[in-house]
Amino acid sequence: MLNLVLFGPPGSGKGTQSEKIINKYELLHLSTGDILRGELADKTELGIQASKIMASGELVSDEIVIGMIKNKLLANQDAKGYIFDGFPRTVAQAQALDDLLASFNQEITSLISLVVEKNELVQRLLKRGQEMGRADDNLETIENRIAVYEKQTSPVAKYYENQSKYNPVEGMGTVDEIFKRIESVIDK
Ligand code: AP5
């Protein structure tokens, strides 16, 4: 099975590139951000609680997101492989994911890390904020999301580097140019 982690700071293009990867490689897309926004759209207790944390740019608790991923994996055992987008975001989440996959005799194949300059991240997210009105796409929250990424999430890259699974990819350029770089990592 091909099990990928698509990694990178807010606005680096994880969601955009995930769409292209799942179309070509027929993987199941598991985005914790999308699952949490779905919970909010359904007005569940979890969604309402998480929305306050998301609006501040902080992370929802490890326990909650690990539980969500576990449920998705249990419900989708027939998938050809998974692409994890926005998860794991802490080393504790990465360890839990390894344990979960091991319990299904699976493992992460590769982490693909999109490398994008900070100014470009901010510009992309401000533009989306204007166009789509996502609650966390305002300057104050964007700055905090990037700071949270640097402090709490970037150590996840080292965790996979220690397993020889870390693959940085230049995330600047057009969507198609970046996808070509990702394809060459996957096909290798
Ligand atoms: P999440 O939904 O995961 O958001 P994020 O990581 O901040 O990422 P984004 O969706 O903003 O960016 P992206 O990298 O997917 O880029 P995209 O393709 O969308 O998380 C939101 C919140 O949920 C977190 O802050 C946290 O509170 C909570 N959460 C989620 N997962 C969690 C977890 N595991 N643990 C704890 N809490 C969790 O692109 C961004 C924009 O740029 C788009 O408008 C796109 O069209 C544009 N764009 C993309 N590529 C290009 C390009 N090449 N050139 C120009 N524009 C581009």
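Everything numeric here is computed off the predicted structure, so don't read it as measured data.

Caption draft 1: Fine view of the overall build of the chain. Assigned secondary structure in the chain consists of nine helices and five strands. Mapped in sequence order, the helices and strands of the chain form the string β-α-β-α-α-α-β-α-β-α-α-α-β-α. Over its C-alpha atoms the chain spans a radius of gyration of 16 Å, differing by no more than 12% from the 16 Å that the globule rule assigns to 188 residues. In terms of overall dimensions, the chain has C-alpha extents of about 40 × 40 × 30 Å along its principal axes. Residue burial in the chain is summarised as follows: out of 188 residues, 46% are buried. Residue pairs in contact within the chain that sit at least 24 positions apart in sequence constitute 74% of those at least 6 positions apart. Total accessible area on the chain is roughly 9,600 Å²; 50% of this is exposed by carbon and sulfur atoms. The positive charge centre, built from 22 side chains, and the negative charge centre, built from 28, are 1 Å apart in the chain.

Caption draft 2: Quick peek at helix H5 (residues 91-103). Over its 13 residues, H5 runs 19 Å from end to end, which matches the ideal 18 Å to within 8%, given 1.5 Å per residue. Within H5 the residues assigned to the buried category are Gln 93, Ala 94, Ala 96, Leu 97, Asp 98, Leu 100 and Leu 101. If you follow the buried residues of H5, they end up packed against helix H4 (62-75), strand E3 (81-85) and helix H8 (155-161). Positioned one or two residues after H5, Asn 105 has a phi angle of 60°, which is positive.

About the thresholds
Counting from 1, residues in each chain are numbered in the order their sequence is written. Where totals are concerned, whole chains, interfaces and linings use all residues; where local detail is concerned, this predicted model gives features only for residues with pLDDT of at least 70, and gives and counts side-chain atom pairs only at 80 or more. Heavy atoms throughout the structure, all of them, feed into the side-chain values; hydrogens and water do not. Segments assigned H or I by DSSP are reported as helices when at least four residues long, segments assigned E as strands when at least two residues long, and all are numbered from the N terminus. The globule rule used for comparison is 2.2 Å times the number of residues to the exponent 0.38, while the radius of gyration itself is calculated over C-alpha atoms. To sort residues, take the accessible area from a 1.4 Å probe on protein chains only and compare it with the maximum for the residue type: under 20% means buried, over 50% means exposed, and anything in between is partly exposed. Residues count as neighbours in contact if any of their non-hydrogen atoms are within 4.5 Å of one another. Note that accessible areas follow from Shrake-Rupley with a 1.4 Å probe, and for residues the cover is restricted to the protein chains shown. All tallies of charge rest on Lys and Arg as positive and Asp and Glu as negative; His and the ends of each chain are not included. Note that the charge is assigned to NZ on lysines, CZ on arginines, CG on aspartates and CD on glutamates. Every helix has an expected span of 1.5 Å times one less than the residues it contains.

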